[in-house]
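Examining the three-dimensional arrangement
Below are the chains, spelled out letter by letter.
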Amino acid sequence: MSENHLAIANVPIQQWGGLYTQEEALNVGTIFQDLNMPFYAAESVMETTNPIASGMESLGISKEQSDREQLITQINQVSFFLDDLTLYLDTHEKDTEALTLYHKKAQECAELRKQFAQKFYPLTKLCVPYCESGEISFCLQDGPMPWEGACI
């Protein structure tokens, strides 16, 4: 191959800017408004409610299942927000505003997982101590299996 260069990449450093809410971010695919560039200028999906978690009782779903879905949706939203924020902090490790937000969201996520474990069953092995039966048994198997229809 010749020594001619086909292209030279220029990747600008991402700047801290406007953020979507955690509900919007999961639907859009990024927490950063500047990074939301839909392909073919398609309309952005900005629904703030999860179609699975909303209106479940009218479909014959139990209140408990509806509550489970609402809480798992919140956990998914804050977890996505944390993941995207972590990617930003990989290259901006001293950004105090981002670090403060990261710690706030990490605490929020931990609290939501704790609530889920106390109310339903543990999502991970780190949530076992929060279960009602966590003191007398390893309650990781207390929850329904995914094929049993919980939190679909």
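Just so you know, these numbers come straight off a predicted model, no measurement behind them. (Residues numbered from 1 in each chain as written. Predicted model: local features only at pLDDT ≥ 70, side-chain atom pairs only at ≥ 80, totals over all residues. Heavy atoms only, no water.)

1. Some remarks on the nonpolar core
Put simply, the rule is: Only buried residues count toward a nonpolar core, which is a set of Ala, Val, Leu, Ile, Met, Phe, Trp, Tyr and Cys residues joined through side-chain atoms within 4.5 Å. Residue burial is assigned from relative accessible area. The probe radius is 1.4 Å, only protein chains are included, and a residue is buried under 20% of its type maximum, exposed over 50%, and partly exposed in between. Where helices and strands are cited, they refer to DSSP runs of H or I of at least four residues and of E of at least two residues respectively, numbered from the N terminus.
Grouped together as the largest cluster of nonpolar side chains are 11 residues: Tyr 20, Ala 25, Val 28, Ile 31, Phe 32, Phe 81, Leu 85, Tyr 88, Leu 89, Ala 98 and Leu 101. No other element matches the 4 residues that helix α2 (residues 63-91) contributes to this core.

2. Quick notes on the pattern of salt bridges
The following threshold applies: In the sections that follow, a salt bridge refers to a side-chain nitrogen of Lys or Arg positioned within 4 Å of a carboxyl oxygen of Asp or Glu.
Under the defined criterion, the tally for this structure stands at 4 salt bridges. In this structure, the salt-bridge partner of Lys 119 is Asp 67, at a minimum N-O distance of 3.8 Å. With Lys 119 in helix α3 (residues 96-119) and Asp 67 in helix α2, the pair connects residues that are 52 residues apart, well separated along the chain. Between Lys 105 and Glu 108 there is a salt bridge, and its shortest N-O distance comes to 3.5 Å. Of this pair, Lys 105 and Glu 108 both sit in helix α3, separated by 3 residues, roughly a single helical turn.

3. A closer look at the packing of aromatic side chains
This is how the line gets drawn: Pairing of aromatic side chains requires ring centres within 6.5 Å, counting the rings of Phe and Tyr and the six-membered ring of Trp. Pairs whose planes differ by under 30 degrees are stacked, by over 60 edge-to-face, and all others tilted. Sitting over a ring, as applied to charges here, requires NZ of Lys or CZ of Arg to be within 6 Å of the ring centre and within 35 degrees of the ring normal.
Taken as a whole, this structure holds 5 aromatic pairs when the rule is applied. When the ring of Trp 16 is compared with that of Phe 32, the centres are 5.8 Å apart and the planes differ by 80°; the resulting orientation is edge-to-face. Separated by 16 residues along the polypeptide, Trp 16 in the segment before α1 (22-28) and Phe 32 in the loop between α1 and α2 bring together distant segments of the chain. Note on Trp 16: relative accessible area 22%, which makes it partly exposed. Considering the side-chain rings of Phe 32 and Tyr 88, the 5.3 Å spacing of their centres and the 40° angle between planes classify their relative orientation as tilted. Taken together, the positions of Phe 32 in the loop between α1 and α2 and Tyr 88 in helix α2 put the pair 56 residues apart, joining distant regions of the chain. Side by side, Phe 32 and Tyr 88 carry an identical accessibility label, which is buried. The ring of Phe 81 is capped by Lys 105, whose NZ or CZ atom sits 5.0 Å from the centre of that ring.

Function cannot be inferred from these measures alone, as they are strictly geometric.
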